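A closer look at the structure
So you can see what is in the structure, the chains are spelled out below.
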Amino acid sequence: MTETRSDDGPDFRRETERRETERVVNEIAQGIRTLDAGVSWFSGLAPTRRQEVLQEVAGYAMQAHVTPPDGRAGWRGPVSNPRPTPR
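These numbers were taken from a predicted model, which means no experiment stands behind them.

Our focus in this paragraph is the pattern of salt bridges. This model, assessed by the stated rule, comprises 9 salt bridges. Linking arginine 19 and glutamate 15 is a salt bridge whose minimum nitrogen-to-oxygen distance equals 2.9 Å. A residue pair is termed a helical-turn pair when its members lie 3 or 4 positions apart in one helix, as arginine 19 and glutamate 15 do in helix 1 (residues 10–29) at 4 residues. On the accessibility criterion, arginine 19 (53% relative accessible area) is exposed. Each of Glu15, Arg18, Arg19 and Glu22 takes part in one network of salt bridges that share partners.

Within the element layout of this structure, arginine 33 appears in the loop between helix 1 and helix 2 (35–43). Of note is the side chain of arginine 33, whose polar atom sits 2.9 Å from the side chain of glutamate 27. Beyond its immediate sequence surroundings of up to four residues, arginine 33 is in contact with Arg23, Val24, Glu27, Ile28, Gly38 and Trp41.

At a minimum axis distance of 9 Å, the contact between helix 2 and helix 3 (residues 47–64) shows a crossing angle of 135 degrees. In terms of orientation, helix 2 and helix 3 fall into the oblique class. From helix 2, Trp41, Phe42 and Ser43 reach across to helix 3, where they touch Arg50, Val53 and Leu54. The residue makeup of the contact of helix 2 with helix 3, split by class, is 4 nonpolar, 1 polar and 1 charged.

Their axes nearest at 9 Å, the elements helix 1 and helix 2 cross at an angle of 160 degrees. When the axis of helix 1 is compared with that of helix 2, the two are roughly antiparallel. Where helix 1 crosses over helix 2, the handedness of that crossing is left-handed. Two secondary-structure elements touch here, helix 1 through Glu20, Thr21, Val24 and Ile28 and helix 2 through Leu35, Gly38 and Trp41. Along the lines of polarity and charge, the residues of the contact of helix 1 with helix 2 split into 4 nonpolar, 2 polar and 1 charged.

Reading the values: rules and limits
- Every chain is numbered independently, its residues counted from 1 as its sequence is written.
- The predicted nature of this model means local features are confined to residues of pLDDT at least 70 and side-chain atom pairs, given and counted, to a pLDDT of 80 or more, with totals for whole chains, interfaces and linings taken over all residues.
- Water and hydrogen atoms were dropped before computing side-chain values, which therefore reflect all heavy atoms in the structure.
- Salt bridges are defined by distance alone: a side-chain nitrogen of Lys or Arg within 4 Å of a carboxyl oxygen of Asp or Glu.
- What counts as a helix is a DSSP run of H or I of at least four residues, what counts as a strand is a run of E of at least two, and both are numbered from the N terminus.
- Each residue is assigned to one of three classes by its accessible area relative to the maximum for its type, calculated with a 1.4 Å probe on protein chains only: buried under 20%, partly exposed between the two thresholds, exposed over 50%.
- Identification of polar contacts relies on pairs of N or O atoms within 3.5 Å, with a donor-acceptor requirement for protein atoms, meaning one able to donate a hydrogen and the other able to accept it, and with residues adjacent in sequence counted only if both atoms are side-chain atoms.
- Working rule for contacts: check all heavy atoms of both residues, and any pair within 4.5 Å makes them a contact.
- Axis geometry follows a simple rule: fit a line to the C-alpha atoms, using only the stretch in contact for helices, then measure angles between N-to-C directions, giving values from 0 to 180 degrees.
- Any angle that falls under 35 degrees is termed roughly parallel, while one over 145 is termed roughly antiparallel, one within 65 to 115 roughly perpendicular, and all others oblique.
- Any residue that is not Ala, Val, Leu, Ile, Met, Phe, Trp, Tyr, Cys, Pro, Asp, Glu, Lys or Arg is counted as polar, Gly included; the first ten are nonpolar and the last four charged.
- Each helix crossing is assigned a hand: it is left-handed if the near helix lies turned anticlockwise from the far helix by less than a right angle, otherwise right-handed if that turn is clockwise.

Given below as structure tokens:
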């Protein structure tokens with residue numbers, strides 16, 4: 001049996017928003033997007049969406065096992081990585 005998937009349903013919307021968050025966070029981490037541009041993007045979100053984004057970012061930090069020194073260094077700005085990111 002084949003499932004029908006609507007491209008405008010709530011599951012599709014959540015998945016699209018999650019991917020957008022991943023893209024924006026990764027662009028900031030890689031220095032492709034400035035932190036100011038990320039703040040502008042975040043500021044333009046509805047309050048409920050901001051909460052979802054913060055939960056996603058907290059999940060990324062937990063997966064990365066961020067330590068307090070890592071977190072403080074992250075607030076100072078992105079660190080350039082001399083090694084290319086594997087694709």
